[in-house]
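Overview (structure and organization)
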Amino acid sequence: MEIANAKWVAAAAGIWIESFIGASYTFGIYSSLLKTSQSYDQSTLDTVCVYKDIGANAGILSGLFYTAVASGRNGNGRFFSGPWVVIFVGLLQWFVGYGFIWMAASGVIEPPPVAVMCLFMFFAGHCQPFFNTAIVVTAVRNFSDYGGTAVGIMKGYLGLSGAILVQMYHIFCEGDPANYLLLLAVVPSILILTMMPLVRAYDTVLAGHKKYLNGLSSISLIIVTYLMFVILVENVFGMPRSMKICSFTLLVPLLVSPLLIAVRAHREEKERLVSLDFSVIERTNLLDTLKPNTSPGLATINNIRQVGESFRYSTVQLNSLVSLWSIWSFLGRFGAGYISDAYLHSHGWPRPAFMTISLVLMAIGHIVVASGLLGSLYIGSLLVGLSYGSQWALMPTITSEIFGILHMGTIFYTVAIASPVGSYFFSVKVIGYFYDKVASEDHSCYGNHCFSTSFVIMAVMSMLGSLMAFVLFLRTKKFYATLVAKRILK
């Protein structure tokens, strides 16, 4: 069918895949199972977790692979070419990684050495750059004039997927983290295998992009509002399993609805292409200002369950924190992409301005968590989650605008590799160190003192990141003025 080859169907397929691959953001669901089943202390658990982060951000290979097999016009000339090939390689790593983690955590095999667990945790994370490169870079190619909005939508659904997966955990796993790991290995794999042939690149620009992208944005906001309502009802009043099944059943049509936008948008066609000239040396230097911005946020989500446990939160509250983090991350990704696009087109604001603002919010969020006041983890994770999510929408968009689309995946993940490096430092050398220093012999700790020093340190580093982002803002003002002028002339 002709509609199956439309860029809007590619966008819908990308949304569906992104909606189920955010398992790395639900580490808090099964982290306690890993800790007890493998007899890890907090530092060892954080070390294993960091390999997930390294895999999720070590995307240079995925970028090079995308350029090799999917960067040609339409990227679909040969059978073994196109974005679907990149997605398939990610799928293999996903299935192998989560399948092995499930076998180890559920006792199917003997507890493996820490190094082996780290390797398969790396595979479980390393699939994500392949998925994201194929979907996000393809979205930027397909909607080049509104790349920020397109990236915000795709990365937003990735953030939101954590909340969707947690809902599936409540319904199908009945509170058993081992079953959840099995679900992760099987269910998303089937969906990805079904959807990946539809993700194709079309280097054209359709009339009415903004209108239909706004339609996809509206659907995403409806979904996030619905999920937030479900999470709050469950957290405040509790929900029997029958109601959870009903709530998830109502969620499915919302997730399918982007296809309606795709069918309508397919009717409008018009070609356009953006090309810009910017000094190569200047571009390369700008990489350094992008690198350290997400590490404190990544360390926060990796340890959010342990922080909640130290505050003596209940299991329902801990699971809600994981779900709510996904929603805050979604709102940050979607909002940063959409708002930065709007202000760029209407006022000529450089995108790094929003990066500066978001990192200040991240610093405030870490201070709030460090305070240990009533509800501080909810409020702090809200601010950190919004900021963390916004970075993942802004960085790839800025990368594509400064360096172009051809090698966008490779260059972006060259920047992103700094995130797990920083996360290792914050998770193991800061959070793990201070936690184990005050923990009891059974590796547990309760009270604000368990994490307060660590979060103060991360707040200071977030402020330093905001200063670096402000430098990027100053250095790109002329570039973005030229970008806006060229788009107006077109």
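Residues numbered from 1 in each chain as written. Predicted model: local features only at pLDDT ≥ 70, side-chain atom pairs only at ≥ 80, totals over all residues. Heavy atoms only, no water.

Remarks on the overall build of the chain
Selection criterion: Counting from the N terminus, the helices are the DSSP runs of H or I reaching at least four residues and the strands are the DSSP runs of E reaching at least two. When accessible area is computed with a 1.4 Å probe and restricted to protein chains, residues below 20% of their type maximum are described as buried, those above 50% as exposed, and intermediate ones as partly exposed. Residues count as neighbours in contact if any of their non-hydrogen atoms are within 4.5 Å of one another. Per-residue and other accessible areas were derived by the Shrake-Rupley procedure at a 1.4 Å probe size, with only the shown protein chains allowed to occlude residues.
From N to C terminus, the chain includes 21 helices and zero strands. Scored against the burial criterion, the 490 residues of the chain give a buried share of 61%. Sequence-distant contacts in the chain: of pairs separated by 6 or more residues, those separated by 24 or more amount to 84%. Surface accessibility of the chain: about 18,300 Å² in total, with carbon and sulfur atoms responsible for 69%.

Description of the packing of aromatic side chains
What counts is decided by this rule: Under the pairing criterion, centres of Phe, Tyr and Trp rings, with the six-membered ring standing for Trp, must be within 6.5 Å; the plane angle then separates stacked pairs below 30 degrees from edge-to-face pairs above 60, leaving the rest tilted. A positively charged side chain is recorded as over a ring if its NZ (Lys) or CZ (Arg) lies within 6 Å of the ring centre. The angle to the ring normal must also be within 35 degrees.
Scanning the entire structure with this criterion turns up 27 aromatic pairs. With 5.8 Å between their ring centres and 45° between their planes, Trp 325 and Tyr 388 make a pair best called tilted. Here Trp 325, found in helix α15 (residues 315–347), pairs with Tyr 388, found in helix α17 (residues 376–403); they are 63 residues apart in sequence, far enough to count as distant. Each member of the pair, Trp 325 as well as Tyr 388, carries the same accessibility label: buried. Among the aromatic residues, those joined into a cluster by ring pairs are Tyr 25, Trp 325, Tyr 388 and Trp 392. Against the face of Phe 143 rests Lys 7, its NZ or CZ located 5.7 Å from the ring centre. Above the ring of Tyr 446, the side-chain terminus of Arg 312 is found at 4.1 Å from the ring centroid.

Structural notes on the state of the cysteines
Note the cut-off: Here, a disulfide means two cysteine sulfur atoms that sit within 2.5 Å of each other.
Under the counting rule described, the total for this entry stands at one disulfide. Here Cys 445 is linked by a disulfide to Cys 450, with a sulfur-sulfur distance of 2.0 Å. Measuring handedness by torsion sign, the sulfur bridge of Cys 445 and Cys 450 sits at about -90° and is left-handed. Exposure remark for Cys 445: the relative accessible area of 6% places this residue in the buried category. The class of Cys 450 is buried, set by a relative accessible area of 0%.

Some points on the pattern of salt bridges
Put simply, the rule is: Should a side-chain nitrogen of Lys or Arg be within 4 Å of a carboxyl oxygen of Asp or Glu, the pair is scored as a salt bridge.
Evaluated as defined, the whole model comprises six salt bridges. In this structure, the salt-bridge partner of Lys 244 is Glu 234, at a minimum N-O distance of 3.5 Å. Of this pair, Lys 244 sits in helix α10 (residues 241–256) while Glu 234 sits in helix α9 (residues 209–236), and the two are ten residues apart along the sequence. You'll find Lys 244 and Glu 234 in the same group, each marked buried. The closest approach of N and O atoms between Arg 351 and Glu 401, which form a salt bridge, is 2.7 Å. On the criterion of sequence distance, the pair formed by Arg 351 in the loop between α15 and α16 (352–371) and Glu 401 in helix α17 is long-range, its members being 50 residues apart.

Looking at the packing of helix α7 (residues 147–173) against helix α8 (residues 177–195)
Filter applied, for reference: Every angle, taken between N-to-C directions, lies between 0 and 180 degrees, and every axis is a line fitted to C-alpha atoms, over only the stretch in contact when it is a helix. Should the near helix be turned anticlockwise from the far one by less than a right angle, the crossing is termed left-handed; should it be turned clockwise, right-handed. Residues were grouped as follows: Ala, Val, Leu, Ile, Met, Phe, Trp, Tyr, Cys and Pro as nonpolar; Asp, Glu, Lys and Arg as charged; and all remaining residues, including Gly, as polar.
The geometry of α7 relative to α8 is characterised by a closest axis approach of 10 Å and an angle of 115° between their N-to-C directions. In this structure, the crossing between α7 and α8 has a hand that is right-handed. When α7 is examined against α8, the residues Leu 165, Met 168, Tyr 169, Phe 172 and Cys 173 are found in contact with a partner set consisting of Pro 177, Asn 179, Tyr 180, Leu 183, Leu 184 and Val 187. Classifying every residue of the contact of α7 with α8 by side-chain character gives ten nonpolar, one polar and no charged.

Points about the nonpolar core
To keep things clear, this is the line we draw: Think of a nonpolar core as a cluster: buried Ala, Val, Leu, Ile, Met, Phe, Trp, Tyr and Cys residues, connected wherever their side-chain atoms sit within 4.5 Å.
With 148 residues, the main nonpolar core has Tyr 30, Leu 34, Ile 87, Tyr 98, Leu 160 and Ile 327 as its most contacted residues. For Leu 160, the residues in contact, after removing those within four places along its chain, are Ile 223, Val 224, Leu 227, Ser 326, Ile 327 and Phe 330.

Re helix α6 (residues 114–142)
Which entries qualify depends on this criterion: Each residue after the first adds 1.5 Å to the expected span of a helix.
Here α6 is 29 residues long and its end C-alpha atoms lie 42 Å apart, about the 42 Å a rise of 1.5 Å per residue gives. Along α6, 23 of the 29 residues are buried, which leaves the element largely enclosed by surrounding structure.

Notes on the packing of α10 against helix α11 (residues 258–265)
Note the threshold: Each angle receives one of four descriptions, namely roughly parallel if under 35 degrees, roughly antiparallel if over 145, roughly perpendicular if within 65 to 115, and oblique otherwise.
Taken N-terminus to C-terminus, the directions of α10 and α11 make an angle of 20°; their axes are 4 Å apart at the nearest point. Overall, the two elements α10 and α11 adopt an arrangement that is roughly parallel. Contact residues: α10 offers Leu 254, Leu 255 and Val 256, while α11 offers Pro 258, Leu 259 and Leu 260.

Some words on the side chain of Ser 62
Tracing the backbone through its elements, the reader meets Ser 62 in helix α4 (residues 60–70). Those residues in contact with Ser 62, other than ones at most four positions away along the chain, are Val 86, Pro 129, Phe 130, Thr 133 and Tyr 413.

As for the confidence of the model for the chain
The criterion, for reference: Each residue gets a pLDDT score, which is the predictor's confidence in that residue and runs from 0 to 100.
Across the chain, the average pLDDT comes to 84, with 89% of residues at or above 70. Of all helices and strands in the chain, the one with the weakest mean pLDDT is helix α12 (residues 280–290) (48), whereas helix α5 (residues 83–106) scores best (96). A low-confidence stretch, residues 270–285 stays under pLDDT 50, and its non-local contacts, those more than four residues away or across chains, total 29 contacts.

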